[in-house]
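Spelled out from the first residue to the last, the chains are:
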Amino acid sequence: MLSHTGSTILRNELGVEETIESDNIVRWDGDRLYVEQDVYHNGQLVHRKYRRTVTEPVARALWEIINRAKQ
């Protein structure tokens, strides 16, 4: 189930309103952690399953949670 991940972003340089939907599942491709997102401009889908890299602080927090669960 996709969820709306935030408010609409006005992209003045493109002249569009951008919205993003995601299932919020963190994935690993062997090199990096990412979340798949669908990106819309003015309600029209422009990127399906766009891979947005998870930030380092989020990756570290997930690492800590995983290590605690192993104990």
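Figured I'd write up the structure that's included with this text. Since this is a predicted model, take the numbers as computed values, not measurements.

**A few points about the overall build of the protein chain**
For step 1, the next point in the chain: Within the protein chain one finds one helix and five strands.
For step 2, the next point in the chain: Along the protein chain, from the amino end to the carboxyl end, the secondary structure elements read β-β-β-β-β-α.
For step 3, the next point in the chain: A compact globule built from 71 residues would reach a C-alpha radius of gyration of about 11 Å, whereas the protein chain, at 15 Å, exceeds it by more than 25%.
For step 4, the next point in the chain: In terms of overall dimensions, the protein chain has C-alpha extents of about 50 × 20 × 20 Å along its principal axes.
For step 5, the next point in the chain: Going through the 71 residues of the protein chain one by one, you find that 20% of them count as buried.
For step 6, the next point in the chain: Excluding contacts between residues fewer than 6 apart, the proportion of contacts in the protein chain whose partners are at least 24 apart in sequence is 11%.
For step 7, the next point in the chain: Of the roughly 5600 Å² of accessible surface on the protein chain, 52% is carried by carbon and sulfur atoms.
For step 8, the next point in the chain: For the protein chain, the distance from the average site of its 10 positive side-chain charges to the average site of its 11 negative ones is 6 Å.

**Observations concerning the pattern of salt bridges**
For step 1, the next point in the chain: Applying the stated rule across the entire model yields seven salt bridges.
For step 2, the next point in the chain: Note that glutamate 56 and arginine 60 form a salt bridge whose closest N and O atoms lie 2.6 Å from each other. Separated by four residues within a single helix, glutamate 56 and arginine 60 lie in helix H1 (residues 56-70), roughly one turn from each other. The exposure classification of glutamate 56 matches that of arginine 60, with both residues exposed.

**A word on the pairing of strand E5 (residues 44-53)**
For step 1, the next point in the chain: Bridge count for strand E4 (residues 33-41) against E5 is seven bridges, and the pairing is antiparallel. Note that in E5 the partner of tyrosine 34 across the bridge is threonine 53.
For step 2, the next point in the chain: Turn length for the E4-E5 hairpin, with the two strands adjacent in sequence and antiparallel, is two residues, and the turn residue asparagine 42 shows positive phi of about 50 degrees.

**Focus: the environment of valine 39**
For step 1, the next point in the chain: With respect to the element layout, valine 39 can be found in strand E4.
For step 2, the next point in the chain: Spatially, the C-alpha atom of valine 39 lies 7.0 Å from that of glutamate 18, the residues being 21 residues apart in sequence.
For step 3, the next point in the chain: Each residue touching valine 39, except ones within four places of it in the same chain, is listed here: Glu18, Thr19, Ile20, Gln44, Leu45, Val46, His47 and Tyr50.

What counts, and where the lines are drawn
- Residues numbered from 1 in each chain as written.
- Predicted model: local features only at pLDDT ≥ 70, side-chain atom pairs only at ≥ 80, totals over all residues.
- Heavy atoms only, no water.
- Helix = DSSP H or I, 4+ residues; strand = E, 2+ residues; numbered from the N terminus.
- Rg over C-alpha atoms; globule rule 2.2 N^0.38 Å.
- Buried < 20%, exposed > 50% of the residue type's maximum accessible area, 1.4 Å probe, protein only.
- Contact = heavy atoms within 4.5 Å.
- Areas by Shrake-Rupley, 256 points an atom, 1.4 Å probe, with all protein chains shown as cover.
- Lys, Arg positive; Asp, Glu negative; His and termini not counted.
- Charge placed at Lys NZ, Arg CZ, Asp CG, Glu CD.
- Salt bridge = Lys/Arg side-chain N within 4 Å of Asp/Glu carboxyl O.
- Pairing = 2+ DSSP bridges.

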